[in-house]
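# Observations on the three-dimensional arrangement
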Amino acid sequence: MPVNPRAAVEQSLRDANVYDPVLLTMQEGMNISREVGVHFGGTNMPAQSLVHHRYGAAHAVVLFAAGLRSQSHCEKYAKEFMDALKDSEGDVRLVVALQSADFQHDMEEAQLRVIAFDGGLTASEMQAYVMQRMVSYEGPGSTTLYRHLVMEYASFDAKLAERLCEMDSNLLLSLPQSLDAMLSEELLRWSKKEWVLGTLTTVSSEIHPMYEWYVARHSGPDATYFNKKSLERYWRACVKALIPWLEERRSRVISTLHGPLMKLANSHGQIKKMIGRKELLVKVDGLEFNDIAFFCNNAPSFIPSALSQLQRQAVEVSKLAKKARDEIAHLRAPDPALISALIAEMDSFVANANSIEGNNLQRLNKGQV
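Attention in this report is confined to the structure presented alongside it. Only a predicted model underlies this, so the values are computations on that prediction, with no experimental measurement involved.

### Overview of the environment of Thr-143
Mapping Thr-143 onto the fold places it in the loop between helix H5 (123-133) and helix H6 (145-154). The buried category is assigned to Thr-143, whose relative accessible area is 1%. Non-local contacts of Thr-143, meaning those with residues more than four positions away in its chain, are made with Glu-138, Leu-242, Trp-245 and Ile-343.

And the structure:
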């Protein structure tokens, strides 16, 4: 159901020139015919009678269910109303929520109109929703990985997104294994792909993440496949959050190592690097994290012990970045421990670099440099 169905229904009826509808919230054990009849002369008003009733003005009865039993009673009343519509000349609308797989799309025929709603969000809608909900919740460190993990593992399900937004940061980094607790809450629901259960949506062909994880956690012919699909969500989050984050900081790392790297360059300021068996010459600022890691092990003149503390930290960051990017390049999510170590080291490096630059600028302004 929408977040505020009563307000939505009332506004829709006003738009249809129905200004004084009968709004009934059906509690468990209440008799719908009797409750409706109170508003039509005090007699019982079964659905077969309501459908033929002539009120004389635009009018409507709206039923809200307060529980599962009352929901089934409201649905039964509505279906009896629909069955009697064919020969009806009444003027009273009946509005009720039906939980039925028979009506998955908006439709209108004769005297019946269906407005289908399953709450599913498109990828762009989920992104906007999560960005709004987590506007002040970044991390880990200076990354947006938490947000992207929520987007990927919520898929089209806004309620699941809410649960993930409230999840502890360590549990977010431990996805999808940390879905086990939610899985156990509604095992029967997550074991099925059904529109009325919210594990299918009309806005996307995506498989619901909880159904995906349910199959992955239970032995069967599809377990391996769905385990792989669930892990791919983590990989996609890393691609979207970590790859641009690393690229934004790459030039900072390379510039910190510019002096030592220039010792490896030729007279044109180019450095030889290998891509497979192919030899390339690139400018220093075109080097990647994996190049730094390679030079540490294979270039005799690139000696970490001769580097400054900040330069050594740039080397360590490069080694961690290489490991993470290698995993991502092979369509695997890096281990959470590696991700945490990389982010912590990179943020520390940037903070130290900023501090040194700030001190140098102050000295320059004072004429000390």
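Still to come is the rest of the account.
### Some words on unusual backbone geometry
The amide bond that connects Gly-139 to the next residue, Pro-140, takes the cis arrangement and shows omega of -5°. For Pro-140, the location among the structural elements is in the loop between H5 and H6. At Asn-17, a position not held by glycine, the phi torsion is positive, near 65°. Here Asn-17 is to be found in the loop between helix H1 (5-15) and strand S1 (22-26). A positive phi angle, close to 55°, is found at Ser-155, a residue other than glycine. Its relative accessible area of 9% is what places Ser-155 among the buried residues.

### A word on the pattern of salt bridges
What the rule picks out here adds up to 23 salt bridges. Taken together, the salt bridges that share partners define one network made up of Glu-247, Arg-250, Glu-288 and Arg-325.

### Some details on the pairing of strand S6 (residues 270-275)
Where S6 meets strand S7 (residues 278-283), 6 bridges bridge the pair, whose relative direction is antiparallel. The residue bridging Ile-275 from the neighbouring strand is Lys-278, located in S7.

### Digging into helix H15 (residues 309-329)
Under the 1.5 Å per step criterion, the end-to-end length of H15 is 30 Å for 21 residues, consistent within 8% with the ideal 30 Å. Within H15 the residues assigned to the buried category are Leu-310, Gln-311, Gln-313, Ala-314, Val-315, Val-317, Ser-318, Leu-320, Ala-321, Ala-324 and Ile-328. One or two residues past the end of H15 sits Leu-331, with phi positive at roughly 60°.

Thresholds applied
- Residues numbered from 1 in each chain as written.
- Predicted model: local features only at pLDDT ≥ 70, side-chain atom pairs only at ≥ 80, totals over all residues.
- Heavy atoms only, no water.
- Helix = DSSP H or I, 4+ residues; strand = E, 2+ residues; numbered from the N terminus.
- Buried < 20%, exposed > 50% of the residue type's maximum accessible area, 1.4 Å probe, protein only.
- Contact = heavy atoms within 4.5 Å.
- Salt bridge = Lys/Arg side-chain N within 4 Å of Asp/Glu carboxyl O.
- Pairing = 2+ DSSP bridges.
- Expected span 1.5 Å × (residues − 1).

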